[in-house]
Amino acid sequence: MYSEQVMDHFMNPRNMGEIPDANGVGEVGNPTCGDIMRITLRIEDDRIVDAKFKTFGCAAAIASSSMATELIRGKTLDEALAVTNRAVAEALEGLPPQKLHCSVLAEEGIHKAIDDYRARQGAPEASGG
Ligand code: FES
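Just so we're clear, the structure is a prediction, and the values are computed from it rather than from any experiment.

Colleague: Just checking my understanding: could you explain helix α5 (residues 100–121) for this structure?
Modeller: An α-helical segment advances 3.6 residues per turn. Residues three or four places apart therefore align on the same side. Between the first and last C-alpha of α5 there are 32 Å, a value that for 22 residues agrees with the 32 Å anticipated at 1.5 Å per step. Cys102, Ser103, Leu105, Ala106, Gly109, Ile110, Ala113, Ile114, Tyr117 and Arg118 are the residues of α5 that are buried. If you follow the buried residues of α5, they end up packed against β1 (24–29), β2 (36–44), β3 (47–56), α2 (59–72), α3 (77–81) and α4 (85–91).

Given below as structure tokens:
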């Protein structure tokens with residue numbers, strides 16, 4: 001059911017854990033399956049210098065978080081925001097259709113962490129009213 005990439009990132013997750021001095025934190029959950037993902041970012045000069053995740057969820061969610069953190073490390077915030085759940089799924093050599101929502105969690109987690117960073121910086125986009 002899962003590609004080799006998914007199995008690899010599930011068995012040997014990259015960037016698992018939490019950045020102690022993170023300046024962007026995103027926590028998202030999927031109410032349907034109950035899975036939770038927490039992404040912590042260290043951002044310097046508009047660039048993601050470190051990204052880590054903690055995911056309480058299924059194999060696809062763990063593999064997606066692992067791959068997503070790999071994809072956004074070293075990227076600028078705008079580049080990271082352009083990483084879609086489809087890009088994560090493609091990098092994993094595909095996910096079964098019923099597991100695509102697990103990669104959505106990763107995309108949402110990244111967006112939330114970057115929003116949180118921007119809110120801390122007082123950027124207008126994230127002020128939210
Ligand atoms: Fe919900 Fe995978 S089953 S995130």
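Colleague: It is not clear to me how the environment of Ile43 should be interpreted in this structure. Could you clarify?
Modeller: Residue placement: Ile43 occurs in strand β2. Placed 33 residues apart in sequence, Ile43 and Thr76 show a C-alpha to C-alpha distance of 8.8 Å. Setting aside its immediate chain neighbours within four residues, Ile43 contacts Asn23, Ile48, Leu77 and Tyr117.

Colleague: I keep staring at the pattern of salt bridges and nothing clicks. Help me out?
Modeller: Close approach of charged atoms lets side chains of opposite charge pair. Here the structure, examined in full by the defined rule, presents eight salt bridges. Lys54 is the salt-bridge partner of Glu18, the closest N and O atoms lying 3.6 Å from each other. You can see Glu18 sitting in the loop between α1 (4–11) and β1 and its partner Lys54 sitting in strand β3, a full 36 residues away along the chain. You can call Glu18 partly exposed: its relative accessible area is 32%. The exposure class assigned to Lys54 is partly exposed, which follows from its relative accessible area of 44%. Arg118 is the salt-bridge partner of Asp78, the closest N and O atoms lying 3.4 Å from each other. Highlighted residues: Asp78 in helix α3 and Arg118 in helix α5, separated in sequence by 40 residues. On the accessibility criterion, Arg118 (16% relative accessible area) is buried. Look at the salt bridges and you will find they share partners, linking Glu18, Glu27, Arg38 and Lys54 into a network.

Colleague: Please explain the nonpolar core as it appears in this structure.
Modeller: Note on soluble globular proteins: their nonpolar side chains tend to be buried together. Counting residues in hydrophobic clusters, the biggest one holds 31 residues, and the most contacted among them are Ile39, Leu41, Ile48, Ile72, Leu92 and Ile114. When residues of this core are traced back to their parent elements, those giving at least two are β2, β3, α2, α3, α4 and α5. Contacts of Ile114, omitting those with residues within four sequence positions, involve Leu41, Ile48, Leu77, Ala80 and Leu81.

Quick notes on the rules
Residues numbered from 1 in each chain as written. Predicted model: local features only at pLDDT ≥ 70, side-chain atom pairs only at ≥ 80, totals over all residues. Heavy atoms only, no water. Helix = DSSP H or I, 4+ residues; strand = E, 2+ residues; numbered from the N terminus. Expected span 1.5 Å × (residues − 1). Buried < 20%, exposed > 50% of the residue type's maximum accessible area, 1.4 Å probe, protein only. Contact = heavy atoms within 4.5 Å. Salt bridge = Lys/Arg side-chain N within 4 Å of Asp/Glu carboxyl O. Core = buried A, V, L, I, M, F, W, Y, C linked by side-chain atoms within 4.5 Å.

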